[in-house]
Amino acid sequence: MTDPNRTEPEGFDPFEPATPIASSQGAPRNMAKDPTQRAGWERATLEKLAFASLNEQKAARRWKTFTRLSWLAFFIFLVWLAMSRSTPSTAKTTAHTAVVEIKGEIANGGDASAEFVVAAMKTAFEDEGAKGIVLLINSPGGSPVQAGIISDEIKRLKAKHKKPIYAVVEETCASAAYYIAAATDKIFVDKASIVGSIGVLMDGFGFTGVMEKVGVERRLLTAGENKGFLDPFSPMSDAQRAHAQAMLNQIHTQFINVVKNGRGDRLKLDTPGLFSGLFWSGEQAVEFGLADQLGNVDFVAREVIKAEEVTDYTRRDNVAEKLAKKFGAAMGAATVRSLQSATPALR
């Protein structure tokens, strides 16, 4: 029986487990340095491993979710780019000068194609706030077909909307680019711009002599005696050369007529080599009537159109469209290569 008046020593806890007594079998004396000697150490270790595995799985799931969301956001951004086009920020009621850039080669599928330039000009002419249109040109030329489409559309839009349209030349306005500029009301240039090159060319190479020297035989099968007359590995006859020259002369005459009709009495027809394919500086172009005066976009907007605010209407391929075109071109080229070996070509 316990004595109710008994007092325990200070610091004594009756529920504290007794300190294990080392057995005579040589049990470890310092268990703090050896966790495996503690009771339940296996369970504690397994729990730690389980929790570590769970945390690792959670981190992996979070990273996978983040990656998927990032790709989803990227594709949504590409779709948004593909569906959107840059539009003028100026409201229709605000007076401004509309600018359409023609830069680089004038060719189907490029930024300076008739498709893009004509679409941009239509938007500019139809905008009530656009008091005049400027074609900002920096191009060495390109396709006469694309230039002809743009030139014809300039004439049609001018007559329909009764708005002025001017060409402003930066570094170069040559060949097909000048074909376009000649259809505008006035041409402004820098004194050091390159202007002109009213001519047509068809270039290529001929390797027949080299093939004879190295003993290579060209085996080209055609249906039609002139089908392969532009083949660089086959000789060109005098009749074929005359045919090609006649075609170039015809296109050249068309070019000359467009320039004469567009420039009118301003053109100095007695200028030596005017339609020979030569080109001149901007200062000389003004002297010969190929251009009207010196000036840049800001000058034309401020002093000629009288609408100093400039708005860009240029249409271009965005990032998504360029990627899609490159992918489509690569796929198309692979398909064509796989078919060319088995089928005759109509080119």
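None of the values given here were measured: they were computed from a predicted structure.

With that out of the way, let us pick up the overall build of the protein. Looking only at helices and strands, the protein features nine helices and eight strands. Taken across its 347 residues, the protein has 31% of its residues classed as buried. For the protein, contacts bridging at least 24 residues in sequence account for 72% of all contacts bridging at least 6. Looking at the protein as shown, the accessible area adds up to about 23500 Å², and 57% of this sits on carbon and sulfur atoms.

Attention now goes to a nonpolar patch on the surface. A cluster of nonpolar side chains, Phe205, Phe207, Val210, Val214, Val216 and Phe233, forms an exposed patch at the surface whose accessible area comes to about 590 Å². In this structure, Phe233 sits in the loop between α5 (208–214) and α6 (238–263).

A few words now on the packing of helix α2 (residues 114–126) against helix α3 (residues 144–161). Where α2 contacts α3, the axes come no closer than 10 Å and their chain directions differ by 10°. Accordingly, the angle class assigned to the pair α2 and α3 is roughly parallel. Here α2 contributes Ala114, Glu115, Val117, Val118, Met121, Lys122, Phe125 and Glu126 to the contact with α3, which in turn contributes Gln146, Ile149, Ile150, Glu153, Ile154, Arg156, Leu157, Lys158 and His161. Grouping the constituent residues of the contact of α2 with α3 by class yields nine nonpolar, two polar and six charged.

Formed by 49 residues in total, the largest nonpolar core has its most connected members in Met121, Leu135, Tyr178 and Leu290. The element that contributes the greatest number of residues to this core is α2, accounting for seven residues. Filtering out sequence-adjacent residues up to four positions away, Met121 remains in contact with Val100, Leu135, Ile150, Glu153, Ile154, Leu157 and Ile165. Counting residues in each nonpolar core, the second largest holds ten residues, with Val99, Leu136, Phe188 and Val297 among its members.

Here the focus is the packing of aromatic side chains. Tallied over the full model, the rule gives five aromatic pairs. For the ring pair Trp63 and Phe66, a centre distance of 5.6 Å and an interplane angle of 35° mean the geometry is tilted. Taken together, the positions of Trp63 and Phe66, both in helix α1 (residues 41–83) and three residues apart, correspond to about one turn of that helix. Judged by relative accessible area, which is 59%, Trp63 ranks as exposed.

Most of strand β2 (residues 130–139) sits inside the fold, with eight of its ten residues counted as buried. Of the strand pairs in this sheet, strand β1 (residues 96–103) and β2 are connected by eight bridges, and their pairing is parallel. Paired with Thr97 across the bridge in β2 is Gly132. For the crossover that starts at β1, traverses α2 and ends in the parallel β2, the hand is right-handed. As paired strands, β2 and strand β3 (residues 165–174) are joined by six bridges and run parallel to one another. Residue pairing in the sheet places Leu135 in a bridge with Ala167 of β3. What joins β2 to β3 is α3, and the crossover it makes is right-handed.

A few words now on the pairing of strand β4 (residues 186–189). The pairing of β3 with β4 spans three bridges and is classified as parallel. Bridging across to β4, Ala167 finds its partner in Ile187. Crossover handedness for the path β3 to helix α4 (residues 176–181) to β4: right-handed. Sheet topology places β4 next to strand β7 (residues 293–294); two bridges connect them, and they run parallel. In the strand pairing of β7, Val189 is matched with Leu294.

Turning to the pattern of salt bridges, a few remarks are in order. Per the counting criterion, the structure on display carries eight salt bridges. Among the charged side chains, a salt-bridge network with shared partners connects Arg263, Arg266 and Asp292.

This part takes up unusual backbone geometry. Even without being a glycine, Ser175 presents a positive backbone phi close to 55°. Structurally, the position occupied by Ser175 is in the loop between β3 and α4. Even without glycine at this site, Ser197 takes up a positive phi of about 60°. Structurally, Ser197 is set in the loop between β5 (194–196) and α5. By relative accessible area, Ser197 is classed as buried at 18%.

The subject of this paragraph is the confidence of the model for the protein. Looking at the protein as a whole, the pLDDT averages 82, with 75% of positions reaching at least 70. With pLDDT under 50 throughout, residues 12–19 is counted as low confidence; its partners more than four residues away or in other chains account for zero contacts. Note that residues 86–91 has pLDDT below 50 and, in this model, eight contacts with residues that lie over four places away or in other chains.

Our focus in this paragraph is the side chain of Ser234. Its location among the elements puts Ser234 in the loop between α5 and α6. Accessibility expressed as a relative area gives 18% for Ser234, which makes it buried. A polar contact of 2.7 Å, which involves the side chain of Ser234, links it to the side chain of Asp231. Dropping the residues within four chain positions of it, Ser234 is found in contact with Thr208, Arg218, Leu220 and Gly228.

Rules used in this analysis
Residues numbered from 1 in each chain as written. Predicted model: local features only at pLDDT ≥ 70, side-chain atom pairs only at ≥ 80, totals over all residues. Heavy atoms only, no water. Helix = DSSP H or I, 4+ residues; strand = E, 2+ residues; numbered from the N terminus. Buried < 20%, exposed > 50% of the residue type's maximum accessible area, 1.4 Å probe, protein only. Contact = heavy atoms within 4.5 Å. Areas by Shrake-Rupley, 256 points an atom, 1.4 Å probe, with all protein chains shown as cover. Patch = residues over 30% accessible without salt bridge, like charges linked within 9 Å, V, L, I, M, F, W, Y side chains within 5 Å. Salt bridge = Lys/Arg side-chain N within 4 Å of Asp/Glu carboxyl O. Axes fitted to C-alpha atoms, helices over the stretch in contact; angles between N-to-C directions. Parallel < 35°, antiparallel > 145°, perpendicular 65-115°, else oblique. Nonpolar A, V, L, I, M, F, W, Y, C, P; charged D, E, K, R; others polar. Core = buried A, V, L, I, M, F, W, Y, C linked by side-chain atoms within 4.5 Å. Phe/Tyr/Trp six-rings, centres within 6.5 Å; stacked < 30°, edge-to-face > 60°. Pairing = 2+ DSSP bridges. Right-handed = clockwise from strand over helix to strand, strands pointing away. pLDDT = per-residue confidence, 0-100. Polar contact = N/O pair within 3.5 Å; in protein donor to acceptor, adjacent residues only side chain to side chain.

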